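# Architecture at a glance
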Amino acid sequence: MYDIILPIRFFLRRRITILAVLAVAICVFTVVVVMTVMTGLVKDYTQKNHDFYGDCIVWTDSLVGFGMYEEFIDELQKTDFVASASPVINSFGLVQMNFGDGSAALTLMGIDIKRHIKTTNFAQTLYYRAAAPELAFVPEDENLSGCVTGVDLTTERTKRGTYIQKTYVPSYSYTITCFPLTPKGAIVKTGTAMAANSKIFHYSDNSNSGLAKVDSSVVYLPFEQLQKLCGMDTTAKRAGAIFIKFTKNSNITVCSAKVAAMWRQFTADNSNFALADLFKNVSVADWKTYRRDTIAPMEKEQIMLILLFLLVGLITVFIIFVIFYMIISRKSKDIGILKSLGISQTGVVRVFLHLAFMVGLCGSAFGIVFALAFLVNANRLEGWLFAQFGFQLWNREIYAIGEIPHNAGAFLLIIVAVSAMVACLLGALVPTLGAAKMKCVDVLRVNKL
Amino acid sequence: MTNSNNCILSCKNVCKSYKMGAGKLEVLRGVGITIGRGEFVAIRGASGSGKSTLLHILGALDSPDKGEVFFNGNNIAEFGGRKINEFRGKKVGFVFQFYHLLDELTVLENVLLAKMAQSSAFGWLTCRISAKKRAMELLERMGLSERIGHRPFQLSGGERQRVAIARALMNEPELILADEPTGNLDSQTGNGILKVFEELHSAGQTIVMVTHDEKIASGAGRVIKLTDGKIAAD
């Protein structure tokens, strides 16, 4: 019982233990706050990618595209694991804004709105047509051709990052020019001049996908109209990609592998197709593999961060080691007394390891409570700092980050708390073993006092 | 001299030396004593004569370089770790010159610590009430019943030493070993402590007390004089 009562008394009545608790609490606070924010950002970014691209993509990097996409979509729809599939064209075009003096080469994305909103979360990214997403390409004047722009192309932001959406659909129009390609990849010519297809589109909405690059450079057009502009509407119609959504609770990796197998079979079955050569450029992957180039660096940063926090853990171990070394040096007389009362070496070890456990427990608890309190108020705090001093963690005019992630997962909290307690036990172990080996006669001898 | 049947503690030819730089300081040179049950023995000697070292060896806080110590006829050197701890905790009660109380504990907890040290968590739960009762009785006997909630630094030197005596008596040891129990006290308070020892002795308690003070030593029934690590008079 002494091994419980003594640590409690040492813990409550020795100021140095407050320092130890504080050291652990600061380390726990730092780890929880930074990991929550970083994990939140990575999670948010990967989720936005998933939302934008669906579960699986069949695509080609060639601007020529590939044919028989509708036939393959029909094949996909026959399976029990595909919920929906949507053909997509990714191209580039010259966009002249008719409401200003600007023109730019932008990414054009042709989507079949009815199928696309079933396959991705495009509907949730719209502003004016959020309630009726199938009308996304219908401008104010229903007789005109509509287009949806990435939100950053048409909408200004406040310094806090909030988009200043107009209460009405502005009457912007764009002249979009594309250079059609033959199935062999050459630019279509009329005589000796390059052919160019132009069409005026009227702004019908903007899309806020949360992906900075997409929102600042993509103009969405109706699939068939972009197909026409790009010259992909020949006898063998072509698309650039097929976005696929699987049924609920499907394993994305497994289903993507099934789609890949189906595609191999499909191309083998259709090897006599006139544009069968284009099948060679087509790949199939799940959304995460497809976006690996952008997601992997963030995940790598997260791993680097975890490694850095392992160093924080080592520092905690060292701090606890130093503090316990000090505690035990000051308590050598007490250790002598305990031994003179018949307490064994393991008894002495238990006393100080229980003390270390209490330090870890309280340090973790305080660190977690303060971290959660900080995270809950992080956005409010940042808002206040911005209002008072113009300070922002991220410039919202540049970064597509809404609010600072503040939901600390229970798993993270448990891992951090357990690690802190283990760090305390490890840090206290060496001085404690030293204490256990002390000879009581050495520390109790009068001339040693 | 003591009848061997009545002997509680004895040592034979005990030698002890400490390293002092390159040399060796011989503190005890073949000491042999026998202490009978119920005796009140004072070991007296000048500073550095080896009396505290002898007491530590008798109480198994230290081990001799040579020689043997017997408690109730058993050689202490043959005790294993568990038995040594049991010996220190249950058979012997130590009283030190500097009291050696734990500052973080109250007076009552300091006394109870001796019992706690010898009990498992479950054992403590079963004996907690009786242990507290005994601790209260001892503190009352020492005139400290009003001070049970105080911490050691709130007590005078004499009071602290009485707490230390209560702690030493907590497990009803067969032997009390006191190392200069009055050495840190003024003469009046020291006499008070001596009186406590005399009362314990008259109740049948065996006491071995180390002191350099002739007057205090004279309070004991038997005085062993130690000079340069050897018994000069018994």
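Because the structure is a prediction, the values reported are computed rather than measured.

Definitions and limits used
- Residues numbered from 1 in each chain as written.
- Chains lettered and ligands numbered in written order.
- Predicted model: local features only at pLDDT ≥ 70, side-chain atom pairs only at ≥ 80, totals over all residues.
- Helix = DSSP H or I, 4+ residues; strand = E, 2+ residues; numbered from the N terminus.
- Rg over C-alpha atoms; globule rule 2.2 N^0.38 Å.
- Buried ≥ 20, exposed ≤ 12 C-beta atoms within 10 Å, placed from the backbone.
- Contact = placed C-beta atoms within 7 Å.
- Pairing = 2+ DSSP bridges.
- Axes fitted to C-alpha atoms, helices over the stretch in contact; angles between N-to-C directions.
- Core = buried A, V, L, I, M, F, W, Y, C linked by C-beta atoms within 7 Å.
- Expected span 1.5 Å × (residues − 1).
- Nonpolar A, V, L, I, M, F, W, Y, C, P; charged D, E, K, R; others polar.
- pLDDT = per-residue confidence, 0-100.
- Parallel < 35°, antiparallel > 145°, perpendicular 65-115°, else oblique.
- Left-handed = near helix turned anticlockwise from the far one by under 90°.

## Some words on the overall build of chain A
The number of helices and strands found in chain A is 16 helices and 13 strands. Over its C-alpha atoms chain A spans a radius of gyration of 32 Å, topping by over 25% the 22 Å that the globule rule assigns to 449 residues. The dimensions of chain A, computed from C-alpha atoms along their principal axes, are 110 × 55 × 40 Å. Classification of the 449 residues of chain A by burial places 39% in the buried group.

## Here's the deal with the overall build of chain B
The helix and strand tally for chain B stands at seven helices and ten strands. On C-alpha atoms alone, chain B measures out to a radius of gyration of 18 Å, which is about the 17 Å that the 2.2 N^0.38 rule sets for 234 residues. For chain B, with 234 residues in total, the buried portion stands at 49%. Of the contacts made within chain B by residues no fewer than 6 positions apart, 73% connect residues no fewer than 24 positions apart.

## Section: unusual backbone geometry
All names here are of chain B. The phi torsion at Y99 lies on the positive side, around 65°, for a residue other than glycine. Tracing the sequence through the fold places Y99 in the loop between strand 6 (92-95) and helix 3 (107-116). On the basis of neighbour count, Y99 is assigned to the buried category, with 23 C-beta atoms found within 10 Å. You will see that E180, though not glycine, has its phi angle at about 50°, which is positive. Residue placement: E180 occurs in the loop between strand 7 (175-179) and helix 6 (187-202).

## Regarding the sheet that holds strand 6 of chain B
Residues and elements named next belong to chain B. Strand order in the open sheet made by the six strands is 6-7-8-3-9-10, with mixed pairing throughout. Both edges of this open sheet fall to strand 6 and strand 10 (230-233), since each of them pairs with a single strand only. Ignoring which end each strand starts from, the neighbouring axes of this sheet average 25° apart. In this structure, strand 9 (residues 222-227) lies alongside strand 10, joined through three bridges in antiparallel fashion. Its bridge partner lying in strand 10, K225 is registered against A233. Sitting on the sheet, helix 1 (residues 51-58) touches strand 3 (40-45), strand 7, strand 8 (206-211) and strand 9, and the angle it makes with strand 8 is about 150°.

## Quick word on the sheet that holds strand 2 (residues 23-36) of chain B
All names here are of chain B. Here we have four strands laid out as an open sheet, ordered 2-1-4-5, and antiparallel in their pairing. Taken across any chain shown, the strands that pair with only one partner, and hence form the sheet edges, are strand 2 and strand 5 (74-75). Note: strand 1 (residues 7-20) against strand 4 (residues 66-71), five bridges, orientation antiparallel. Residue S10 lies in a different strand from strand 4, and its bridge partner there is F70. Relative to the sheet, helix 1 contacts strand 1, strand 2 and strand 4, its axis offset from that of strand 1 by approximately 125°.

## A word on the nonpolar core
V24(A), V28(A), V32(A), I320(A), F352(A), V111(B) and V208(B) are the most contacted members of the largest nonpolar core, which has 122 residues in total. With twelve residues, the top contributor of residues to this core is helix 2 (residues 15-53) of chain A. Once residues within four sequence positions are removed from consideration, I320(A) is found in contact with A20(A), A356(A), V359(A), A423(A), C424(A), G427(A) and A428(A). Grouped together as the second largest cluster of nonpolar side chains are 61 residues, W59(A), L211(A), C230(A) and M232(A) included.

## Structural notes on helix 14 (residues 378-389) of chain A
Since there are 3.6 residues in each turn of an α-helix, residues three or four apart along the chain are aligned in direction. Taking 1.5 Å of rise per residue, twelve residues should cover 16 Å, and helix 14 of chain A covers 16 Å from first to last C-alpha, within 8% of that figure. In the segment just after helix 14 of chain A, G390(A) is the residue with positive phi, at about 70°.

## Notes on the interface of chain B and chain A
On the chain A side, the residues contacting the 26 residues of chain B number 20 residues. Mapped by element, the contributors of at least two residues to the side of chain B that touches chain A are helix 1, helix 2 (81-91), helix 3 and helix 4 (121-141) of chain B. No other element matches helix 2 of chain B, which puts six residues into the side of chain B that touches chain A. Among the residues making up the side of chain B that touches chain A, the classes are represented as twelve nonpolar, nine polar and five charged.

## Some details on the confidence of the model for chain B
Residue and element names in this part refer to chain B. Taken residue by residue, chain B gives an average pLDDT of 87. The fraction at 70 or more is 98%. Of all secondary-structure elements in chain B, the lowest mean pLDDT belongs to helix 7 (residues 214-217), at 82, while helix 3 reaches the highest, 92. With pTM at 0.77, the complex prediction returns an ipTM value of 0.86.

## A short note on the pairing of strand 2 of chain B
Residue and element names in this part refer to chain B. Of the pairings in the sheet, the one linking strand 1 to strand 2 comprises eleven bridges and is antiparallel in character. From the neighbouring strand, C11 faces strand 2, where its bridge partner is I33. Once strand 1 ends, the chain turns through two residues before running back antiparallel as strand 2, passing G21 with a positive phi of about 65°.

## A short note on the pairing of strand 4 (residues 103-111) of chain A
Residues and elements named next belong to chain A. Of the pairings in the sheet, the one linking strand 3 (residues 82-97) to strand 4 comprises nine bridges and is antiparallel in character. Within the sheet, the bridge partner assigned to L94 lies in strand 4 and is A105. Bridge analysis of strand 4 against strand 10 (residues 218-222) gives five bridges, and the strand direction is parallel. Looking at strand 10, one finds that L108 is bridged to V219.

## A few points about the packing of helix 3 (residues 69-78) of chain A against helix 9 (residues 252-269) of chain A
In a packed pair of helices, the relevant descriptors are the angle between the two axes and the axis-to-axis distance. Residues and elements named next belong to chain A. Two numbers describe how helix 3 lies on helix 9: the axes approach to 11 Å, and their chain directions differ by 135°. Considering the angle they form, helix 3 stands oblique to helix 9. Every pair of crossing elements has a handedness; the one defined by helix 3 and helix 9 is right-handed. Taking contact as the criterion, the partners of F72, E75 and L76 in helix 3 are, on helix 9, V259, M262, W263 and F266. In terms of residue class, the contact of helix 3 with helix 9 is built from six nonpolar, no polar and one charged.

## Quick notes on the environment of F137(A)
Residue and element names in this part refer to chain A. Position of F137 relative to the elements: it lies in the loop between helix 5 (122-125) and strand 5 (146-150). For the pair F137 and Y203, spaced 66 residues apart in sequence, the C-alpha to C-alpha distance is 8.2 Å. If we ignore the near neighbours within four places in the chain, the residues touching F137 are I113, G146, C147, V148, S204 and P222.

## What to know about the environment of D80(A)
By the element assignment, D80(A) lies in the loop between helix 3 and strand 3. Distance from D80(A) to V259(A), taken between C-alpha atoms, is 12 Å for residues 179 residues apart in sequence.

## Some words on the packing of helix 5 (residues 157-169) of chain B against helix 6 of chain B
All names here are of chain B. Between helix 5 and helix 6, whose axes approach to 9 Å, the crossing angle comes to 20°. The angle between helix 5 and helix 6 falls in the class roughly parallel. Where helix 5 crosses over helix 6, the handedness of that crossing is right-handed. Residues G157, G158, Q161, R162 and I165 of helix 5 form the contact with helix 6, whose own contacting residues are T189, G192, I193 and V196. Among the residues making up the contact of helix 5 with helix 6, the classes are represented as three nonpolar, five polar and one charged.

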